Amino acid sequence: SYTRQLLDAGPARCAKKFGEEAVETVIAAVHQDDAALKAEAADLLYHLLVLLESRNLRLADVLAILDGR
């Protein structure tokens, strides 16, 4: 699967892909409609989850940090 390919490539590849998706999300936020922004935001969140998994980090731990802010 695509997820397995990313994870097998390691954290650096996962981080690179996350960065690409972040740029696409920014572009959609500024220049495209709501549907495009929602689609890019979904891609961004997916790649964040893959990046966290590649580093053996849990989303719950990230959310706990947000909860403490």
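A brief look at the structure comes next. (Residues numbered from 1 in each chain as written. Predicted model: local features only at pLDDT ≥ 70, side-chain atom pairs only at ≥ 80, totals over all residues. Heavy atoms only, no water.)

This part takes up the overall build of the chain. Within the chain one finds 4 helices and 0 strands. Along the chain, helices (α) and strands (β) appear in the sequence α-α-α-α when read from the amino end. Out of the 69 residues belonging to the chain, those deemed buried represent 23%. In the chain, the share of contacts with a sequence separation of at least 24, taken over all contacts with a separation of at least 6, comes to 51%. Accessible area for the chain stands at about 5,000 Å²; split by element, carbon and sulfur atoms hold 60% of it. Charged side chains in the chain number 8 positive and 11 negative. The centres of these two groups are separated by 6 Å. (Helix = DSSP H or I, 4+ residues; strand = E, 2+ residues; numbered from the N terminus. Buried < 20%, exposed > 50% of the residue type's maximum accessible area, 1.4 Å probe, protein only. Contact = heavy atoms within 4.5 Å. Areas by Shrake-Rupley, 256 points an atom, 1.4 Å probe, with all protein chains shown as cover. Lys, Arg positive; Asp, Glu negative; His and termini not counted. Charge placed at Lys NZ, Arg CZ, Asp CG, Glu CD.)

On to unusual backbone geometry. A positive phi angle, near 60°, is found at N56, a position not held by glycine. Here N56 falls in the exposed class, since its relative accessible area comes to 67%.

With that out of the way, let us pick up the environment of T25. Here T25 lies in helix α2 (residues 11–31). Residues T25 and K38, 13 residues apart in the sequence, show an inter-C-alpha distance of 8.6 Å. Other than its neighbours up to four places away in sequence, T25 contacts L37, E40, A41 and L44.

What follows deals with α2. With 21 residues, α2 extends 30 Å between its outermost C-alpha atoms, agreeing within 8% with the 30 Å of an ideal straight helix rising 1.5 Å per residue. Within the span of α2, buried status applies to C14, K17, E21, T25 and A28. All buried residues of α2 lie within an arc of 85° about the axis, which places them on one face of the element. Relative to its buried face, α2 has exposed residues pointing more than 90 degrees away, namely A12, K16, V26, V30 and H31. (Expected span 1.5 Å × (residues − 1). Arc of directions from axis to C-beta.)

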